[in-house]
Amino acid sequence: MKVLLLDDDQSRIQDIENIFHEYDSVLITSHSLEDAKIKLKTEVFDIVVIDLLVPEFYNNRNISSIAGFDLVKYIYETNDTISRPTGVIVVSTNFNNVDYTEELKIYPVSLIDTSSIAWHEKFKNAIDNFWTIINPIDIAIVTAIDVEFRAIYDNSWIEDLNFGLFTFYRKEYISVSGKTISAVLVQCEKKGLVSASLTASALFRFYTPNTVIMIGVSAGNPEKTKFGDIIIATQASDYSFGAIVDGEDNVLQFESEPAVVDASERISRIFINYCLNDKLASSIREATAMSQYSEDIKLIHGLMASGSQVIKSKIVTNEYIRPYNRNYIGIDMETYAIYWFCKKYNCPNFISLKSVSDHGDKNKTHEHQEYCAKLATKLLEYYISNDF
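So, here is what we can say about the structure in this document. (Residues numbered from 1 in each chain as written. Predicted model: local features only at pLDDT ≥ 70, side-chain atom pairs only at ≥ 80, totals over all residues. Heavy atoms only, no water.)

### What about the overall build of the protein chain?
Within the protein chain one finds 12 helices and 19 strands. For the protein chain, the C-alpha atoms occupy an extent of roughly 70 × 65 × 35 Å along the three principal directions. Sorting the 388 residues of the protein chain into buried and exposed places 53% on the buried side. Surface exposure of the protein chain reaches about 18400 Å², of which carbon and sulfur atoms provide 47%. Separation of charge centres in the protein chain, based on 36 positive and 53 negative side chains, amounts to 6 Å. (Helix = DSSP H or I, 4+ residues; strand = E, 2+ residues; numbered from the N terminus. Buried < 20%, exposed > 50% of the residue type's maximum accessible area, 1.4 Å probe, protein only. Areas by Shrake-Rupley, 256 points an atom, 1.4 Å probe, with all protein chains shown as cover. Lys, Arg positive; Asp, Glu negative; His and termini not counted. Charge placed at Lys NZ, Arg CZ, Asp CG, Glu CD.)

### Side note on the packing of aromatic side chains
Throughout the structure, instances matching the rule amount to 17 aromatic pairs. Plain terms: the ring middles of F149 and Y169 are 5.8 Å apart, the flat faces sit at 50 degrees to each other, and that makes the pair tilted. Here F149 is found in helix 6 (residues 146-152), whereas its partner Y169 is found in strand 10 (residues 166-174), with 20 residues between them in sequence. Assessed through its relative accessible area of 12%, F149 is described here as buried. Judged by relative accessible area, Y169 falls into the buried class, the value being 17%. Taking 6.1 Å as the distance between ring centres and 75 degrees as the angle between the ring planes, the aromatic pair formed by W157 and Y173 counts as edge-to-face. Highlighted residues: W157 in the loop between helix 6 and strand 9 (158-163) and Y173 in strand 10, separated in sequence by 16 residues. The exposure class of W157 is buried, given its relative accessible area of 2%. (Phe/Tyr/Trp six-rings, centres within 6.5 Å; stacked < 30°, edge-to-face > 60°.)

### Description of the layout of surface pockets
What the largest pocket holds in volume is close to 750 Å³. Taken together, 28 residues make up the lining of the largest pocket; nearest its centre are I82, S83, R84, F204 and Y345. The set of elements that each furnish at least two residues to the lining of the largest pocket consists of helix 3 (67-77), helix 7 (193-206) and helix 11 (335-344). The residue inventory of the lining of the largest pocket, partitioned by class, reads 14 nonpolar, 8 polar and 6 charged. Put simply, the second largest pocket is a space of about 320 Å³. Lining the second largest pocket are 20 residues, with K191, V310, M333, K364 and Q369 positioned closest to its centre. The set of elements that each furnish at least two residues to the lining of the second largest pocket consists of strand 12 (209-220), strand 18 (328-332) and strand 19 (349-358). When residues of the lining of the second largest pocket are assigned to their parent elements, the largest contribution, 3 residues, is made by strand 12. Here the residues of the lining of the second largest pocket sort into 8 nonpolar, 5 polar and 7 charged. (1 Å grid on protein atoms, 1.4 Å probe; cavity = no way out; pocket = protein on both sides within 12 Å on 5 of 7 lines; lining within 4 Å. Points joined across faces, edges and corners; volume = space filled by probe spheres on them. Nonpolar A, V, L, I, M, F, W, Y, C, P; charged D, E, K, R; others polar.)

### Some thoughts on the pattern of salt bridges
Under the definition given, this model contains 18 salt bridges. For K39, the salt bridge identified is with D35, shortest N-O distance 2.6 Å. Here the residue K39 and the residue D35 both occupy positions in helix 2 (residues 33-42), the gap between them amounting to 4 residues, near one helical turn. For D35, a relative accessible area of 16% corresponds to the buried category. Salt-bridge contacts for D70 lead to K73; the nearest nitrogen and oxygen are separated by 3.9 Å. With D70 and K73 both in helix 3, this residue pair falls 3 residues apart, about one helical turn. On the basis of relative accessible area, D70 is assigned to the partly exposed category, the value being 21%. (Salt bridge = Lys/Arg side-chain N within 4 Å of Asp/Glu carboxyl O.)

### Some words on the packing of helix 9 (residues 278-287) against helix 12 (residues 369-386)
One can describe the packing of helix 9 onto helix 12 by two numbers: an axis separation of 9 Å at closest approach and a directional angle of 125 degrees. By the criterion of interaxial angle, the relationship of helix 9 to helix 12 is oblique. Remark: the crossing between helix 9 and helix 12 carries right-handed chirality. In this structure, helix 9 contributes L280, I284, R285 and A287 to the contact, and helix 12 contributes Y371, L375, K378, L379 and Y382. When the residues that make up the contact of helix 9 with helix 12 are grouped by side-chain class, the tally is 7 nonpolar, no polar and 2 charged. (Axes fitted to C-alpha atoms, helices over the stretch in contact; angles between N-to-C directions. Parallel < 35°, antiparallel > 145°, perpendicular 65-115°, else oblique. Left-handed = near helix turned anticlockwise from the far one by under 90°. Contact = heavy atoms within 4.5 Å.)

### Things to note about the nonpolar core
General note: in soluble globular proteins, nonpolar side chains tend to be found buried as a group. Core analysis: the largest hydrophobic core is formed by 78 residues, its most contacted members being I139, V212, L379 and Y383. With 9 residues, helix 12 is the single largest residue contributor to this core. If we skip the residues at most four places from it in the chain, Y383 touches I139, T211, I213, R266, I267, I270, F271, Y274 and F388. I50, Y76, L104 and V109 belong to the second largest nonpolar core, which has 27 residues in total. (Core = buried A, V, L, I, M, F, W, Y, C linked by side-chain atoms within 4.5 Å.)

### Some details on the environment of K39
With relative accessibility at 16%, the residue K39 sits in the buried group. Along the backbone, K39 and E334 are 295 residues apart, and their C-alpha atoms lie at a distance of 35 Å. Aside from chain neighbours lying at most four places away, what touches K39 is L4, I28, T29, S30 and F45.

### Re helix 12
Its 18 residues give helix 12 an end-to-end C-alpha distance of 26 Å, which sits within 8% of 26 Å, the value for a rise of 1.5 Å per residue. By the burial criterion, the buried members of helix 12 are Q369, Y371, C372, A373, L375, A376, T377, L379, L380, Y383 and I384. (Expected span 1.5 Å × (residues − 1).)

### Quick word on the sheet that holds strand 7 (residues 109-113)
If you trace the 5 strands from one edge of the open sheet to the other, you get 2-1-3-6-7, paired in parallel fashion. The sheet is open, and its two borders are formed by strand 2 (26-30) and strand 7, each paired with just one other strand. Averaged over all pairs of adjacent strands, the angle between their axes in this sheet comes to 20 degrees, without regard to strand direction. Bridge analysis of strand 1 (residues 2-6) against strand 3 (residues 47-51) gives 4 bridges, and the strand direction is parallel. By the bridge assignment for strand 3, L6 is matched with I50. Most of the contacts of helix 3 go to strand 3, to which it runs at about 155 degrees, and overall it touches strand 1, strand 3, strand 6 (87-92) and strand 7. (Pairing = 2+ DSSP bridges.)

This is the structure in structure tokens:
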């Protein structure tokens with residue numbers, strides 16, 4: 001574990017060095033905000049420890065009352081290219097005397113009052129929490145709506161981390177070969193690209209997953225899918241990206257310029273091969289144990305068109321989605337955002353599995369969602385057991 005410490009209190013620096021020595025860590029110390037920022041740009045740290053009251057500049061030893069807070073904001077809000085640490089611990093003897101203590105609480109940081117007699121123990125507890133997070137996860141599973149979450153969640157999932165809008169659950173799967181596979185599960189706060197973006201950001205803030213898989217339900221292209229078919233999104237587009245312009249007769253016109261992100265190549269190949277296996281599709285349907293559904297399903301791969309609206313209109317589909325996403329197989333509200341963040345954080349493997357519960361027209365209902373969510377879950381579990 002590599003740690004950056006921004007502090008100029010020599011006594012506390014020594015105490016913190018002694019604590020991290022127990023964790024066999026590499027500790028690098030900065031004495032100014034300026035120097036800490038330089039180190040964050042050039043090195044990768046697992047944990048950053050920040051004293052609120054430190055000098056702002058390397059050559060000026062005057063204490064700044066906001067330098068430590070500025071570094072917290074820099075870590076979480078900068079557009080500079082830095083590797084954001086897994087954990088941030090803020091230390092001070094003056095939390096009651098600074099105006100921005102409440103603002104600090106909007107960031108996922110641990111606040112340690114070093115005037116407290118028990119601060120060493122609290123500091124170690126904070127390290128322990130981050131230490132468990134730093135360890136990589138084999139697979140992260142993302143769901144959007146309640147019915148998707150319920151399709152996979154059971155008592156074997158244990159709450160691992162609760163952060164603001166999100167609760168992460170952890171469990172271990174055992175593959176058919178006996179391999180232990182660590183997994184985390186999280187549900188978006190609500191539907192949509194924004195919520196999916198916040199969820200993905202939180203996921204990558206606290207975990208380092210080898211694989212990210214989104215599961216759930218979606219609308220399907222009525223010309224290519226039927227209820228229950230499972231879409232393997234080898235591509236995802238943001239169909240809502242574009243410009244609104246003046247058209248003929250001063251009628252507003254939307255000119256779509258959909259951005260496209262490809263799913264990762266290796267995992268895509270695995271699932272594309274599944275599409276060739278009719279027996280697999282049949283076994284997945286049978287494993288859902290919902291007798292009212294007897295029609296065969298198929299696995300189909302292609303483009304998932306994502307946007308921020310629930311689509312219940314054939315007109316919208318035909319005029320705004322189909323012309324700019326000609327090869328689309330399905331429509332949802334999250335996959336593109338998940339893919340974008342997976343690309344941003346260099347996740348090696350990511351894919352979205354969504355079963356068709358409607359066709360995005362006026363007949364759209366929730367009737368088939370439970371069944372379809374279970375289908376997507378069964379395909380995920382087959383992959384984990386056999387090919388992860």
